[in-house]
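Residue-level structure breakdown
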Amino acid sequence: MLVNCVAYHDGRKLADVAVDEIDQYLARPGCFVWVALRDPEPAELEVMQREFGLHSLAVEDARHGHQRPKIEEYGDSLFVVLHTLDAQGVDIAAGEVAVFAGPNYVLSIRSRSPQGFSAVRARCEREPELLRQGAGFVLYALMDAVVDRYFPVIQVLEEELETAEDRIFGSGPTRANIEGLYALKRKLTTLQHAARPLLEATGKLYGGRVPQVCASTQEYFRDVYDHLLRITQSIESLREMVAAATAVNLSLISLHENETTKRLAAYAALVALPTFIASLYGMNFEHLPGLRWPLGYAVTLGAMATLDFLLWRRFRRAGWL
């Protein structure tokens, strides 16, 4: 579906143009066209390929989707794949944005992503002195918007981790805590798969030999790189904390089981002592001490109670009961 098709000249919006008029504006000096598509049909991609002269391999990647975040150079144009993430309740909705950036055009293709980029277009149009730099600035604005949306996701995951830690030390270690921590680790892995490859690729857009499209916007891509570096460091920190929380939960479960085992052993000892005495006097022998003594039964019960009380005090002091 075509979302926008706009021509710009000297940093200012020139007109909304029809697809069959794109070539006319591409031929104008100082003019570039910004087209936005959402979940396009193959026929729409073929039209854009003809209009902008896109490389067939890049178009194939955009058509099939599910690509690793990357930046590829084809002649004087760039093909960029970005992963969009959106925290929706307990889940993270993942989408994909493919961007073709050439000397006088930008084509963004959004797939499986509920969030659009109308705010990005509005921001660019509010800054004509920057938009005058052309496709390079638009590419930066799109990448910056995608990367900035990772920060709220990290904040949500941090809050989930804090909640999980409160459950571990509050309501006690349970299997549900481990399942929650594992789900959190999977979300962190999704975020890592979006940010880490993009961090490596963004390093190619500033410093040294950079693509011509980005020649005048290197400092902006360095800013994107810094944001991605912060995000990847936060991901690593959260992963370590999740691993530590999981280990603590398992340790607390083991301690809880040990406490239960000690308590059961103490009760078993309290039962075993009188059982031993009763079984000893239950043997079928004629000459047992105190067998015919009138007070024998009472003394035996008293001895059982006294020994059990002393044993109970011992366990109590040791913390077993």
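Residue indices follow the written sequence of each chain, beginning from 1 at its first position. Totals for whole chains, interfaces and linings use every residue, but because this is a predicted model, local features are given only for residues with pLDDT of at least 70 and side-chain atom pairs only at 80 or more, for both listing and counting. The side-chain quantities take in all heavy atoms of the structure and omit both hydrogens and water.

Right, let's get into the overall build of the protein. Counting its secondary structure elements, the protein contains ten helices and seven strands. Overall, the C-alpha framework of the protein stretches about 125 × 35 × 30 Å when taken along its three principal axes. When burial is assessed residue by residue, the protein has 41% of its 321 residues classed as buried. Residues are treated as being in contact if the distance between any of their heavy atoms lies within 4.5 Å. Pairs at least 24 apart in sequence give 65% of the contacts found in the protein among residues at least 6 apart. Here the protein holds 33 positive side-chain charges and 40 negative ones, and the gap between their average locations is 9 Å. A helix here means a DSSP run of H or I that spans at least four residues, while a strand means a run of E at least two residues long, and both kinds are numbered starting from the N terminus. Burial status follows relative accessibility: with a 1.4 Å probe on protein chains alone, a residue under 20% of its type maximum counts as buried, one over 50% as exposed, and anything between as partly exposed. Asp and Glu are treated as the negative residues and Lys and Arg as the positive ones, with His and the ends of the chain left uncounted. One atom stands in for each charge, and that atom is NZ of Lys, CZ of Arg, CG of Asp or CD of Glu.

Before going further, it helps to spend a moment on the packing of aromatic side chains. Only centres within 6.5 Å qualify two rings of Phe, Tyr or Trp (six-membered ring in Trp) as a pair; their planes then separate them into stacked at under 30 degrees, edge-to-face at over 60, and tilted for everything else. Under the definition given, this model contains nine aromatic pairs. Taken together through their ring pairs, the aromatic side chains of F137, Y140, Y220 and F221 make up a single cluster. A cation over an aromatic ring shows up here: R121 above the ring of W34, its NZ or CZ 4.0 Å from the ring centre. The rule is short: NZ of Lys or CZ of Arg within 6 Å of the ring centre and within 35 degrees of the ring normal puts a charge over the ring.

Here a patch means residues that are over 30% exposed by relative accessible area and free of salt bridges, tied together within 9 Å if like-charged and within 5 Å if nonpolar (Val, Leu, Ile, Met, Phe, Trp, Tyr). Surface exposure here means Shrake-Rupley accessible area, sampled with a 1.4 Å probe, where a residue is shielded only by the protein chains that are shown. By convention in these notes, a salt bridge is any Lys or Arg side-chain nitrogen within 4 Å of a carboxyl oxygen on Asp or Glu. A surface patch of like charges, here negative, comprises E158, E159, E162 and D166. Among the secondary structure elements, E158 is positioned in helix α7 (residues 150-170).

Axes, fitted as lines to C-alpha atoms, cover a helix only where it is in contact. Angles between the N-to-C directions of the axes lie from 0 to 180 degrees. Running from N to C, helix α6 (residues 135-148) and α7 cross one another at 5 degrees; their axes reach a closest spacing of 4 Å. As the angle between them shows, α6 and α7 are arranged roughly parallel. For the pair formed by α6 and α7, the contact residues are V146, V147 and D148 on the first element and Y150, F151 and P152 on the second. Classifying every residue of the contact of α6 with α7 gives five nonpolar, no polar and one charged. Roughly parallel means an angle under 35 degrees; roughly antiparallel means over 145; roughly perpendicular covers 65 to 115; every other angle is labelled oblique. Residues were grouped as follows: Ala, Val, Leu, Ile, Met, Phe, Trp, Tyr, Cys and Pro as nonpolar; Asp, Glu, Lys and Arg as charged; and all remaining residues, including Gly, as polar.

Let us look at the pairing of strand β7 (residues 105-111). Of all seven residues in β7, seven are buried; the element is thus mostly enclosed. Going residue by residue along β7, you find Y105, L107, I109 and S111 tucked away on one face and V106, S108 and R110 tucked away on the opposite face as well. Pairing between strands requires that DSSP locate at least two bridges from one strand to the other. Examined bridge by bridge, strand β3 (residues 31-38) and β7 share six bridges and lie parallel to one another. Its bridge partner being in β7, V35 is matched across the sheet by L107.

Note on scores: pLDDT gives the predictor's confidence for each residue, bounded by 0 and 100. In the predicted model, the protein carries a mean pLDDT of 86, and the fraction of residues at 70 or more is 93%. At the low end of the mean pLDDT range in the protein sits helix α10 (residues 296-318), at 76; at the high end sits α6, at 94.

Phi at D10 takes a positive value of approximately 55 degrees, unusual for a residue other than glycine. You can see D10 is positioned in the loop between β1 (2-9) and β2 (12-16).

Quick look at a nonpolar patch on the surface now. Nonpolar side chains collect at one region of the surface, where L307, F309, L310 and W312 lie side by side and expose about 380 Å² of accessible area between them. In this structure, L307 sits in helix α10.

Right, let's talk about the environment of G116 for a bit. When you line up the elements, G116 lands in the loop between β7 and α4 (118-126). When the C-alpha positions of G116 and L198 are compared, they lie 20 Å apart, and in sequence the two are 82 residues distant. Beyond its immediate chain neighbours, meaning those up to four positions away, G116 contacts R110 and R149.

Turning to α7, a few remarks are in order. By this rule the span expected of a helix is its residue count minus one, scaled by 1.5 Å. In a regular helix each residue adds 1.5 Å, so 21 residues correspond to 30 Å; α7 covers 30 Å between its end C-alpha atoms and thus fits that length. Considered for burial, the residues of α7 that qualify are Y150, V153, I154, L157, L161, A164 and I168. Taken down its axis, α7 places every buried residue within 100 degrees of arc, on the same side. When the buried face of α7 is taken as reference, the exposed residues oriented beyond 90 degrees from it are D166 and G170. The directions from the helix axis to the C-beta atoms form the arc being described.

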